[in-house]
Amino acid sequence: MKKIISVTSVLATCVVLAACGGETSEQPTKKAAAVHTVEHIFGKTEVPNDPKKVVVLSHVSWEGSLVSVGVKPYAVMAYDNEFPPHLTKELKGTKALPYADEINPEEIVKLDPDLLIISDRYKPLYDKLSKTIPTVAVEVGGDWKEDHLKVAEAVNKKEEGQAVIDDLAKEAKDIGQRIKENVKDETFMAVSVNKKDIRVYGLTNHATNSLLFDDIGLTPTKGLPKDFGENISIEGLAKYNPDHIIDLSYFNSGPYYDEVTNGKVWKGLTAVKQDQVHQLSTTWGFWDPIERQKGLTELEDVLLK
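Residues numbered from 1 in each chain as written. Predicted model: local features only at pLDDT ≥ 70, side-chain atom pairs only at ≥ 80, totals over all residues. Heavy atoms only, no water.

Turning next to the overall build of the protein chain. A tally of regular secondary structure across the protein chain gives eleven helices and 13 strands. Within the protein chain, residue pairs in contact and separated by at least 24 positions form 60% of the contacts whose partners lie at least 6 positions apart. (Helix = DSSP H or I, 4+ residues; strand = E, 2+ residues; numbered from the N terminus. Contact = heavy atoms within 4.5 Å.)

Here's what the structure looks like:
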């Protein structure tokens, strides 16, 4: 009888403890999200290892860097609500944000991002949001590979980002060798006819310049700017006389474009006389690896035809 009472007492005690909310057991705790630290132009930021809502604010197409490492951004800036032509398919379903030099912080907060990637021009936005939203700032300009790797690092994909660069370098070398065999030492110049002036691309500090003269190895025409480029008038074209012109005009129609391409100066250039003006559809500056790859293919087509 004593043994029976003892067992009953134990069972009763267990029931009482359970009824009191299990005070002897620990409540499960929410596991903190894994993070990594990214050092950038404005400081250091702890960023989720696997961000789900990435917002990109930049006038160059870093969203292409994200796509190249398997990350689809939640929202990016878009001209007239349209994504860059080389990323239209890849960004289907991504939210389009209007381009602006100044951005209302409240509009970004409404998006509830878990990672914000911005260009260095948005320092005021960084100052207002970085304490509550993980924000990585990237400096635009110079070597596109540095920008690309910083964007990839922000989403914890730096190794994948480097692999993209390596694969692209191999493809560019192969295409460049075949193009050089075809064009020999003929000279090149890249231009973009804007709405009121003409952009002549230079030799360094721009992704377009490095694609043409470093990756592919084309011979630049004499007199090109040593830096990223310059904006000139129609008359300014007269000091250049390349064998080939790479036309990167985004607005390849309209009054000013027609004025340039129908004018005496343009028609007097060797490249125009020899029908060696190559108009490309990839015209966003080649800052991301997806456009660079598509640009390589397009240059291969027009220069090896």
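What follows continues from the structure just given.
Okay, the sheet that holds strand S6 (residues 115-119) next. What links the strands of a sheet is backbone hydrogen bonding, and the strands pair in either a parallel or an antiparallel sense. Ordered in space as S5-S4-S3-S6-S7, the five strands form an open sheet in which the pairing is parallel. Taken across any chain shown, the strands that pair with only one partner, and hence form the sheet edges, are strand S5 (95-98) and strand S7 (135-138). Recorded for the sheet is a direction-independent mean angle of 25° between the axes of neighbouring strands. As defined by bridge partners, strand S3 (residues 54-57) adjoins S6 across four bridges and the pair is classed as parallel. When the bridges of S6 are listed, leucine 57 appears paired with isoleucine 118. Of the strands in this sheet, S6 and S7 touch helix H5 (residues 144-154), which is tilted by about 175° from S7. (Pairing = 2+ DSSP bridges. Axes fitted to C-alpha atoms, helices over the stretch in contact; angles between N-to-C directions.)

With that out of the way, let us pick up the layout of surface pockets. Of the pockets and cavities examined, the largest pocket occupies roughly 980 Å³. Around the largest pocket, the lining comprises 28 residues; the ones closest to its centre are His59, Tyr79, Arg199, Tyr201 and Trp284. Within the residue set of the lining of the largest pocket, elements represented by two or more residues are strand S8 (187-193) and strand S9 (198-201). (1 Å grid on protein atoms, 1.4 Å probe; cavity = no way out; pocket = protein on both sides within 12 Å on 5 of 7 lines; lining within 4 Å. Points joined across faces, edges and corners; volume = space filled by probe spheres on them.)

Most of helix H7 (residues 207-215) sits inside the fold, with seven of its nine residues counted as buried. Those residues of H7 lying buried are Ala207, Thr208, Asn209, Ser210, Leu211, Leu212 and Phe213. Structurally, H7 contributes buried residues whose contacts are with H5, S8, S9, strand S10 (219-220) and helix H11 (289-303). Positive backbone phi, at 85°, marks glycine 217, one or two positions downstream of H7. (Buried < 20%, exposed > 50% of the residue type's maximum accessible area, 1.4 Å probe, protein only.)

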